[in-house]
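Observations on the three-dimensional arrangement
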Amino acid sequence: MEQIKTYILDTLSLRQQLPFQIDGVVIEVLNEDIAISLGRKGEINNYQVAYKFPSLASETTVRGAKFNVGRTGLVSPVIYYDPVVFNGTSQTKTTLSSRNRYEKLDPHVGDTGLVEYSNDCIPYFNRIVSYNGGPKLFFPKTCPICGYELDEEGANSYCRNPECPPKQIKRFTNFIKVLGVRDASEKLIEKCLDENLFAKLSDVFTSFEGDNKVTTISIMMEIDGVGTKKIAALISELDKIKESHVSEATLLESVGVSGKATCEGVLKFISLEKLLEDPDILHNMSIDNMQKKAKTNFIKRLKEANITGDIYRLIEILKPSKVKYDYDMSVCFTGFRDENFKKELNERNIEVRDSLKNIDFVIIPSQGTSTGKTENALKRGIKVVTIQHFKEIIGMEE
């Protein structure tokens, strides 16, 4: 044990001089007989123990603060400080999680603060070590970009102005990113918004249709760095997306309602058409792993996204495919991943879940495979079968 302690301390002292990054050491029993007798618990080896190093940390001087506005209007505070170096990388700023935490820190210009390098990749402003009497850095009461009065909601502050420039830029950027438009960068979107080419998300498509096309192209040609090849590639991308018929869940994700998994979870229980007609119906529905607050936020964002009927216009343009619901069977994979097999099962109206909740079978790669999920499944009385056996059960074998 003394040798192990000495090795850990020696490694820790050399941490920043090593030619690679490490966040700890693993102590492993090499004697095979002992390792076998110690065995495994689920996916964890009992013959291995990880020792995690504390985060790298350094004191620095606070120099200022900036407040960014995100796609949802969330105002994120950023503290700026004198450079600190971790693993050869110089850090000068840290984004804080909320208005509440920023105000608890109560930063002033010239304060001494402690910055940690969380997980060896993210600078984390831990605390103020000493308050040195400098000017206080107040959290704003109005939007730092558009001047709109901020709405304090829980631990955060939001700009509710739908026309706030950074909200618009990030909203459009999220839209093209989720849909997979490769030839429209954030910088191009920003320039298009400056030229008033896009007012609604659906304008990204309709601006290149019919009589609008010539006007849009002529305006875009005046933007620095945009030429005929760039425009042609963008139009081609937009046409491909229309032809691909993205799913209704992807459509909701692209307009900023929620993540794809949540959108799919909701649309398995209710059609998009009915949801748009009466979003509040979601309050009365039992959706897997969706709490009351999550439903409220989902409904709120859905109403905001469709306030001008933009989602209906996008449905007409994209003709999205419906999310399958009312599956004939639900299964869970363990011990392997196979996206092609998952796709084949979905086509047969068989749902593949990540958890054991309400499933019919746990599928393993081969006989004898043992994981935490197989043990839990057997305790719950859920059938555990191999891929081969399951294919025979559902008639996938020739």
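Bear in mind the structure is a predicted one, so any value in this text is a computation, not a measurement.

**A few points about the overall build of the protein**
Looking only at helices and strands, one finds 16 helices and 15 strands in the protein. Relative to the compact-globule value of 21 Å for 398 residues, the protein shows a C-alpha radius of gyration of 27 Å, a clear excess of over 25%. If one aligns the C-alpha atoms of the protein with their principal axes, the spans along those axes are about 75 × 75 × 45 Å. Here the protein holds 398 residues, and 41% of them are scored as buried. Carbon together with sulfur atoms contributes 49% to the accessible area of the protein, which is approximately 23,000 Å² in total. Positive and negative charge centroids in the protein, built from 53 and 56 side chains respectively, lie 3 Å apart.

**Quick look at the layout of surface pockets**
When its volume is computed, the second largest pocket comes out at roughly 780 Å³. In terms of lining, the second largest pocket is formed by 25 residues, of which the most central are Arg 71, Thr 72, Lys 167, Glu 304 and Ala 305. Counting residues per element, the ones that place at least two in the lining of the second largest pocket are β11 (156-158), α4 (165-179) and α12 (292-305). Sorting elements by how many residues they give to the lining of the second largest pocket places α12 first, with six residues. When the residues that make up the lining of the second largest pocket are grouped by side-chain class, the tally is seven nonpolar, six polar and twelve charged.

**Examining the pairing of strand β7 (residues 89-95)**
In this structure, strand β6 (residues 75-86) lies alongside β7, joined through six bridges in antiparallel fashion. Among the inter-strand pairings, Val 85 is bridged to a residue of β7, identified as Ser 90. The turn linking β6 back onto β7 is made up of two residues, and Asn 87 within it adopts a positive phi angle of 50°.

**Quick notes on the sheet that holds strand β9 (residues 122-130)**
Backbone-to-backbone hydrogen bonds join strands into a sheet, with any given pair of strands oriented parallel or antiparallel. Taken together, the five strands give an open sheet; going across it, the order is β7-β6-β5-β8-β9, and neighbouring strands pair in antiparallel fashion. The open sheet terminates on both sides in strands that have one partner only, identified here as β7 and β9. Neighbour-to-neighbour, the strand axes of the sheet open up by a mean angle of 40°, direction not taken into account. Examined bridge by bridge, strand β5 (residues 56-69) and β6 share seven bridges and lie antiparallel to one another. Each bridged residue has a counterpart across the sheet, and for Ala 65 the counterpart in β6 is Ile 79.

**Digging into the sheet that holds strand β14 (residues 361-364)**
With parallel pairing, four strands are arranged side by side in an open sheet as β13-β12-β14-β15. The open sheet terminates on both sides in strands that have one partner only, identified here as β13 (350-353) and β15 (383-386). For this sheet, the mean inter-axis angle between neighbouring strands, taken without regard to orientation, is 35°. Pairing between β14 and β15: four bridges, direction parallel. Opposite Phe 361, over in β15, you have Lys 383 as the bridge partner. With respect to the sheet, helix α14 (residues 339-347) is in contact with β12 (329-333), β13 and β14, its orientation differing from that of β13 by roughly 140°. Set on the sheet, helix α16 (residues 387-394) makes contact with β12, β13, β14 and β15; between it and β15 the angle comes to about 100°.

**Looking at the nonpolar core**
Phe 175, Phe 205, Met 220, Leu 252 and Phe 298 are the most contacted members of the largest nonpolar core, which has 51 residues in total. If we skip the residues at most four places from it in the chain, Phe 205 touches Phe 175, Leu 179, Leu 238, Ile 241, Lys 242, Leu 314, Ile 317 and Leu 318. Counting residues in hydrophobic clusters, the runner-up holds 22 residues, among them Leu 56, Val 62, Val 84 and Cys 143.

**Quick word on a negative patch on the surface**
On the surface, Glu 186, Glu 190, Asp 194, Glu 195 and Glu 222 cluster together into a negatively charged patch. Here Glu 190 shows up in helix α5 (residues 186-194).

Cut-off values and rules
- Residues numbered from 1 in each chain as written.
- Predicted model: local features only at pLDDT ≥ 70, side-chain atom pairs only at ≥ 80, totals over all residues.
- Heavy atoms only, no water.
- Helix = DSSP H or I, 4+ residues; strand = E, 2+ residues; numbered from the N terminus.
- Rg over C-alpha atoms; globule rule 2.2 N^0.38 Å.
- Buried < 20%, exposed > 50% of the residue type's maximum accessible area, 1.4 Å probe, protein only.
- Areas by Shrake-Rupley, 256 points an atom, 1.4 Å probe, with all protein chains shown as cover.
- Lys, Arg positive; Asp, Glu negative; His and termini not counted.
- Charge placed at Lys NZ, Arg CZ, Asp CG, Glu CD.
- 1 Å grid on protein atoms, 1.4 Å probe; cavity = no way out; pocket = protein on both sides within 12 Å on 5 of 7 lines; lining within 4 Å.
- Points joined across faces, edges and corners; volume = space filled by probe spheres on them.
- Nonpolar A, V, L, I, M, F, W, Y, C, P; charged D, E, K, R; others polar.
- Pairing = 2+ DSSP bridges.
- Axes fitted to C-alpha atoms, helices over the stretch in contact; angles between N-to-C directions.
- Contact = heavy atoms within 4.5 Å.
- Core = buried A, V, L, I, M, F, W, Y, C linked by side-chain atoms within 4.5 Å.
- Patch = residues over 30% accessible without salt bridge, like charges linked within 9 Å, V, L, I, M, F, W, Y side chains within 5 Å.
- Salt bridge = Lys/Arg side-chain N within 4 Å of Asp/Glu carboxyl O.

Any functional reading would require information beyond the geometric quantities listed.
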